[in-house]
Number of protein chains: 2
Amino acid sequence: MPDGARPETGGIANPPVIILIEPQLGDNIGKAARAMLNCGLVDLRLVRPRDGWPNDRATANASGADIVIDNTKVFEREEDALADLNRVYVTTARTRDAIKPVFTPKGLAPEMRANVAQGEKVGVMFGPERTGVRNEHISMADAVVTVPLNPGFTSLNLAQAVLLIGYEWWQAGVDVPDYQMMMNDTFPATRDELDRLFEHLEAELDNSGFFRVEAKRPNMARNIRNIFNRANLTHQEVQTLRGMIVAMRGGKHKP
Amino acid sequence: MPDGARPETGGIANPPVIILIEPQLGDNIGKAARAMLNCGLVDLRLVRPRDGWPNDRATANASGADIVIDNTKVFEREEDALADLNRVYVTTARTRDAIKPVFTPKGLAPEMRANVAQGEKVGVMFGPERTGVRNEHISMADAVVTVPLNPGFTSLNLAQAVLLIGYEWWQAGVDVPDYQMMMNDTFPATRDELDRLFEHLEAELDNSGFFRVEAKRPNMARNIRNIFNRANLTHQEVQTLRGMIVAMRGGKHKP
């Protein structure tokens with residue numbers, strides 16, 4: 001981990017700052033703080049929070065994200081909240097009368113990662129709950145962030161908007177496969193274990209008269225093998241299935 | 001739009017169903033409903049909601065997602081809530097003692113899109129606020145969904161978890177560029193407009209004595225052009241800048 005990096009941020013010395021302009025509800029501030037820590041963001045700044053600071057509702061709704069709440073800074077002026085930042089982005093759902101680059105959260109994340117990796121300090125501004133940011137906030141920002149959403153219902157809760165920015169930030173820094181098999185302590189069965197299971201099963205299906213029509217046997221056997229191959233059986237599960245076969249045939253293994 | 005498709009779902013006849021197991025807080029149910037409609041999801045099912053149904057807190061927190069709240073169905077048994085579904089996924093933050101496929105929300109979204117496109121009905125289960133799903137719920141599901149998050153603080157608020165599933169679902173169906181220039185009604189300036197701006201500017205910088213050292217002039221002029229080229233000027237902005245030059249030189253255009 002580089003010098004100055006913090007474990008709670010995934011090893012990033014200066015993760016993006018979240019700036020809430022005139023937030024109204026402590027619940028939302030707390031849930032935003034929780035969402036931030038979920039995503040390795042720890043620097044929260046509030047500009048003119050309606051109910052002052054600290055705020056009991058914020059602390060309760062942060063659900064343990066104390067490191068964010070305890071370090072939250074409060075400002076009277078936007079300019080002071082942004083003063084030390086090299087890049088500033090602003091979230092808005094509406095197109096504005098401004099000529100600005102527009103990122104999706106997914107597009108913004110690698111941009112912020114690259115900027116932060118160069119040692120820049122970046123921040124993302126969010127407007128008040130009901131009204132969102134004003135045009136003056138747009139003009140303070142380098143670029144706009146807009147989440148592609150259902151065009152008939154685009155109004156995001158404040159904490160939800162913070163989560164989406166944080167979520168994409170975190171995803172851009174991790175390398176988790178989109179799909180994997182959760183194996184815990186077990187191992188997939190070998191092909192030999194599967195072959196012996198199928199031979200055992202087919203022998204007992206012969207013995208029990210399941211394969212009545214010899215001409216249909218090869219196709220039916222293939223279909224049955226497909227069922228079990230699709231299940232990605234483990235070593236232990238093969239043993240379990242063989243035990244089930246033995247039991248159903250009266251406890252005696254007749255190969 | 002295909003037959004049976006609904007505009008509020010982005011034209012999808014059967015978008016994924018969201019199933020909340022034993023949800024406790026009406027606030028969370030309402031915020032989940034709001035997040036669902038943000039993402040074109042409209043079918044919410046509750047299994048044994050603690051405070052019954054309907055729930056005033058849920059309605060208030062849905063912030064206008066009435067179409068979701070009004071159609072919410074309540075069940076006593078998980079089996080009944082899942083009965084008509086062809087595919088069931090379950091969200092959990094913790095690794096379990098089960099052999100299951102594990103998706104990220106990003107990996108799950110195209111999987112669900114493909115299943116839904118085939119006419120399948122899919123659903124995603126979420127556990128109670130404090131405890132999450134139990135092992136019995138894992139066993140009811142085809143696969144697990146886990147959000148890659150800060151390993152030191154993975155506990156997501158219920159509505160936040162619903163949002164992330166919905167967000168990726170919606171993203172998988174839209175084609176919004178990660179980055180674009182918001183131009184509104186304007187057009188980027190042509191290269192000719194820019195050339196004439198630069199010539200005008202350089203002429204007035206000559207006239208005002210800015211280029212004192214002739215040897216440095218070419219390099220300085222290039223740097224100045226770089227500044228303005230980087231700004232992606234529009235037609236109107238070029239006119240504004242030319243007006244500024246004229247004004248600063250005393251209101252007379254001296255080419």
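The structure under discussion appears in the preceding block.
It should be emphasised that the depicted structure is a prediction, and the values quoted were computed from it without experimental measurement. (Residues numbered from 1 in each chain as written. Chains lettered and ligands numbered in written order. Predicted model: local features only at pLDDT ≥ 70, side-chain atom pairs only at ≥ 80, totals over all residues. Heavy atoms only, no water.)

(A) Spatial organisation of the packing of aromatic side chains. For the structure shown, the criterion picks out seven aromatic pairs over all chains. Members of the aromatic cluster, each reached through a chain of ring pairs, are Tyr-89 and Phe-103 of chain A together with Tyr-179 of chain B. Directly above the aromatic system of Trp-169 of chain A lies the positively charged group of Arg-113 of chain A, at a separation of 3.8 Å from the ring centroid. (Phe/Tyr/Trp six-rings, centres within 6.5 Å; stacked < 30°, edge-to-face > 60°. Lys NZ or Arg CZ within 6 Å of the ring centre and 35° of its normal.)

(B) Spatial organisation of the relation of the copies chain A and chain B. Mapping chain A onto chain B calls for a rotation angle of 180 degrees and an axial translation of 0.0 Å; the resulting RMSD is 0.1 Å. Such a combination of rotation and displacement between the chain copies is what one expects of a two-fold axis. Across chain A, the rotation axis passes nearest the C-alpha of Gln-160 of chain A, at a separation of 3.2 Å. A share of 100% of the interface residues of chain A reappears at the interface of chain B, consistent with the copies meeting face to face through the same patch. (Least-squares fit on C-alpha atoms with pLDDT ≥ 70 in both. Contact = heavy atoms within 4.5 Å.)

(C) Molecular detail of the packing of helix H5 (residues 105-117) of chain B against helix H7 (residues 158-171) of chain B. Residue and element names in this part refer to chain B. Interhelical geometry of H5 versus H7 gives an angle of 60 degrees and a closest axis separation of 8 Å. Comparing their axes, H7 and H5 come out oblique. Between H5 and H7 lies a crossing of right-handed hand. Across the interface between the two elements, Pro-105, Lys-106, Ala-109, Met-112, Arg-113 and Val-116 of H5 pack against Leu-164, Ile-165, Glu-168, Trp-169 and Trp-170 of H7. When the residues that make up the contact of H5 with H7 are grouped by side-chain class, the tally is eight nonpolar, no polar and three charged. (Axes fitted to C-alpha atoms, helices over the stretch in contact; angles between N-to-C directions. Helix = DSSP H or I, 4+ residues; strand = E, 2+ residues; numbered from the N terminus. Parallel < 35°, antiparallel > 145°, perpendicular 65-115°, else oblique. Left-handed = near helix turned anticlockwise from the far one by under 90°. Nonpolar A, V, L, I, M, F, W, Y, C, P; charged D, E, K, R; others polar.)

(D) Molecular detail of helix H10 (residues 235-248) of chain B. All names here are of chain B. With 14 residues, H10 extends 20 Å between its outermost C-alpha atoms, agreeing within 8% with the 20 Å of an ideal straight helix rising 1.5 Å per residue. Buried within H10 are the following residues: Val-238, Leu-241, Arg-242 and Ile-245. One face of H10 carries all of its buried residues, which in axial projection span an arc of 100 degrees. Check the buried side of H10 and you find it contacts helix H8 (191-207) and helix H9 (217-230). Just past H10, the residue Gly-250 takes up positive phi, approximately 95 degrees. (Expected span 1.5 Å × (residues − 1). Buried < 20%, exposed > 50% of the residue type's maximum accessible area, 1.4 Å probe, protein only. Arc of directions from axis to C-beta.)

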